[in-house]
Amino acid sequence: MDIKEIQNLIKFVAKSGASEVKLEMDDIKITIKTGSEDKEPTYLQQMPMQGQMQQAMPQQQQAPAAAQEAPKAAAGDSQESSPDESSKYITVKSPIIGTLYRKSSPDKPVFVEVGDSIKVGDVLCVIEAMKLFNEIESEVSGKIIKVLVDDSSPVEFDQPLFLVDPS
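Computed from a predicted structure; not experimentally measured.

**Focus: the pattern of salt bridges**
Right, on to step 1. Under the defined criterion, the tally for this structure stands at one salt bridge.
Right, on to step 2. The partner of Lys119 in a salt bridge is Asp122, with the nearest N and O atoms 3.8 Å apart.
Right, on to step 3. Of the residues examined, Asp122 reaches a relative accessible area of 22% and is grouped as partly exposed.

Right, dumping it as structure tokens:
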């Protein structure tokens, strides 16, 4: 199993509502716990997993790829009118998969707004991954030009989050 297959398995387990899943293959043993241990355990057993896993993974990966192409095409159309303008901005991308939050708690203000000046080390947002909140810090100084992701949205690895004007 590669890392993408494991990540897809984690997403599937989280959506299924199961509190714990154990998967054992030839040389790999994986246990996934979701933290909802107050539920009664659900037992599913399926023996020939390897062939089905290989068939199921490409189908799951095709849907997100199609969903990502549409926003890229729409964003590409708006950027085609001024290619020099978009090339001067730095794109801050997600270092992990998870849920993005623009503020530390519901009653607090957002970390950054469009127009805010930032410097290296400033917290831009937090991304929750497996019940851990990871602060995403700026690696550049500049001004926030655009916020590309809504609050409480799922994000993928390397997904653009913010546009920053370094000048």
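**Topic: the environment of Gln7**
Right, on to step 1. With respect to the secondary-structure elements, Gln7 resides in helix H1 (residues 3-16).
Right, on to step 2. In this structure the C-alpha to C-alpha distance between Gln7 and Ile97, which are 90 residues apart in sequence, comes to 8.7 Å.

**Quick notes on H1**
In an α-helix, one turn spans 3.6 residues, which is why side chains three or four residues apart end up on the same side.
Right, on to step 1. Spanning 14 residues, H1 covers 20 Å between terminal C-alpha atoms, matching the ideal 20 Å at 1.5 Å per step.
Right, on to step 2. Every buried residue of H1 is listed here: Glu5, Asn8, Leu9 and Val13. The buried residues of H1 occupy an angular sector of 140 degrees when projected down its axis, which confines them to one face. Residues Ile3, Ala14 and Lys15 are exposed on H1 and point more than 90 degrees away from its buried face.
Right, on to step 3. Just beyond H1, the residue with positive phi is Gly17, at close to 90 degrees.

How each quantity is defined
- Residues numbered from 1 in each chain as written.
- Predicted model: local features only at pLDDT ≥ 70, side-chain atom pairs only at ≥ 80, totals over all residues.
- Heavy atoms only, no water.
- Salt bridge = Lys/Arg side-chain N within 4 Å of Asp/Glu carboxyl O.
- Buried < 20%, exposed > 50% of the residue type's maximum accessible area, 1.4 Å probe, protein only.
- Helix = DSSP H or I, 4+ residues; strand = E, 2+ residues; numbered from the N terminus.
- Expected span 1.5 Å × (residues − 1).
- Arc of directions from axis to C-beta.

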